Structure formats: C-alpha cells, structure tokens
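# Breakdown of the fold
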Amino acid sequence: AQRVTQPEKLLSVFKGAPVELKCNYSYSGSPELFWYVQYSRQRLQLLLRHISRESIKGFTADLNKGETSFHLKKPFAQEEDSAMYYCALSGQTGANNLFFGTGTRLTVIP
Amino acid sequence: DVKVTQSSRYLVKRTGEKVFLECVQDMDHENMFWYRQDPGLGLRLIYFSYDVKMKEKGDIPEGYSVSREKKERFSLILESASTNQTSMYLCASSLTGVNEKLFFGSGTQLSVL
C-alpha cells in the first residue's frame, strides 16, 4: 500500500539557515512524487514534482529510491517560506489518487 | 490561470441535515476531486470524477456522495451530516489526472453541530 510519512509536524529555522523538510514513502512500484505548499490564507498549490527536476523558489527535492525519500531542501530560508508543506505520492501514470502526508508547518524566524 | 471556486467558505449545519458543497472550475478540466483536510491527518480523498456522470470512490467515501452533471461542476453531498464530518473540504481539478498539477479551491470549513 502507498504511504507517505512526514515525521515533523512543526519545523522552525532562522532566516538564512538551510532548511530540509523530510518525506519518506512506501510504494512497491515506481512512484511519482510531489511537494504541495499552502501559504497563510492561500490555496494549496503545487510547489514541485520530481519528474520535472526543477527548482522552484529556491527549493529542490531529489528522489532517493534507495532510502525511499523525497526531502525538500533550500539552502537559505526566507520569511516568506513560512507555510504548510505536504509531500504527496501517486502510484503510476494515469492514477487517480494522490496520497498526501500529514504535512509539516515550517516557520522561518526573522 | 485556472480558477476553482467553492461556493461557501464557511458552513454551519446541524446533525442530520443534508449538506451540499459545490465546486466549479473554469478550465475545461476532465478530472475533479474532493478531499477533506484534517489536522494531523493531511488530505484524504473522498471521491473523484474523470468525466461527466462518472465517479469513483476514494479512500473515505462513507457518508458522502457526489454528483457531476456538467463538466465544470462537482458537488459533494453529505446525506445526513454527523459531527465527525466537521472538517475543511477541498475541491481540486486537473486536466489529465493527479500526475498533472492539481488546482485547488480555497476550501469550505464545515462545522456540524
């Protein structure tokens, strides 16, 4: 069965410090992985997906199949990065369910 | 940009009432979804629809039904609301499925008293 684990409910870092939001997954096949973000009083929106291998707002995430992880990283946190972050997994092309983790609330301290 | 509109931001209902949550998208997307968002549980899929009049159960369909009579509109129905259905409900749409970007509505916070 698919499962996404985000071990940290809350994470606080100082502005300018590196940040890493952890995500581990369980899936027997080849996963599609995503990070979604919800800023205060805004809609949930896609931040990035592993298949695109892109950097959005300075964030990157690398899929590590050996460790079944998809951690989100940014070298220098900014105050505007404070938000709720959800890691999500889709099992396969054409799948219709996105399995979300429980989320990590990131607070960047000025 | 895609707009997904949920008709109510806040709703307060009584136990046993029939509740309708409406969602409309304006970009001709094939797929629409209803999630509920609970603290500590993340988002869980209730139902999705991949075409007009087509629907599939998600992970937690019990106590809910859906209707998709037109492509742009996807309704979530609580036949007899219960207190454990108090939650934030999120509607989303996508062009071809969950591996494409999901566009979310702003959510409906439902309180069942």
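A brief report on the enclosed structure follows. Everything numeric in this text was worked out from a predicted model, so none of it was measured.

### A short note on the sheet that holds strand 3 (residues 19-25) of chain B
All names here are of chain B.
- If you trace the 4 strands from one edge of the open sheet to the other, you get 1-3-8-7, paired in antiparallel fashion. Each of the sheet's edge strands pairs with one partner strand only, and the pair in question is strand 1 (4-6) and strand 7 (64-70). Between one strand axis and the next, the sheet turns by 20 degrees as a mean value, whatever way the strands run.
- Both strand 3 and strand 8 (residues 73-78) contribute to a ladder of 6 bridges, which runs antiparallel. Counterpart to Phe-20 in the pairing with strand 8 is Ile-77.

### Re the layout of surface pockets
- Computed from the structure, the largest pocket encloses a volume of approximately 330 Å³.
- Lining the largest pocket are 16 residues, and of these A:Met84, A:Tyr86, A:Arg105, B:Gln37 and B:Pro39 lie nearest its centre.
- Here the residues of the lining of the largest pocket sort into 5 nonpolar, 8 polar and 3 charged.

### Description of the interface of chain A and chain B
- If you look at the interface, chain A gives 21 residues, while chain B gives 23 residues.
- Roughly 1,800 Å² of surface becomes buried between chain A and chain B when both sides are summed, with 50% attributable to carbon and sulfur atoms.
- For the pair chain A and chain B, the interface holds 0 salt bridges.
- Counting only elements with at least two residues in the side of chain A that touches chain B, the list comes to strand 5 (32-38), strand 6 (45-49), strand 9 (83-90) and strand 10 (98-100) of chain A.
- A total of 4 residues in the side of chain A that touches chain B trace back to one element, the largest contributor, which is strand 5 of chain A.
- Of the residues assigned to the side of chain A that touches chain B, the class counts are 9 nonpolar, 9 polar and 3 charged.

Scoring rules and cut-offs
- Residues numbered from 1 in each chain as written.
- Chains lettered and ligands numbered in written order.
- Predicted model: local features only at pLDDT ≥ 70, side-chain atom pairs only at ≥ 80, totals over all residues.
- Heavy atoms only, no water.
- Pairing = 2+ DSSP bridges.
- Helix = DSSP H or I, 4+ residues; strand = E, 2+ residues; numbered from the N terminus.
- Axes fitted to C-alpha atoms, helices over the stretch in contact; angles between N-to-C directions.
- 1 Å grid on protein atoms, 1.4 Å probe; cavity = no way out; pocket = protein on both sides within 12 Å on 5 of 7 lines; lining within 4 Å.
- Points joined across faces, edges and corners; volume = space filled by probe spheres on them.
- Nonpolar A, V, L, I, M, F, W, Y, C, P; charged D, E, K, R; others polar.
- Contact = heavy atoms within 4.5 Å.
- Buried area = accessible area lost by both parts, 1.4 Å probe.
- Salt bridge = Lys/Arg side-chain N within 4 Å of Asp/Glu carboxyl O.

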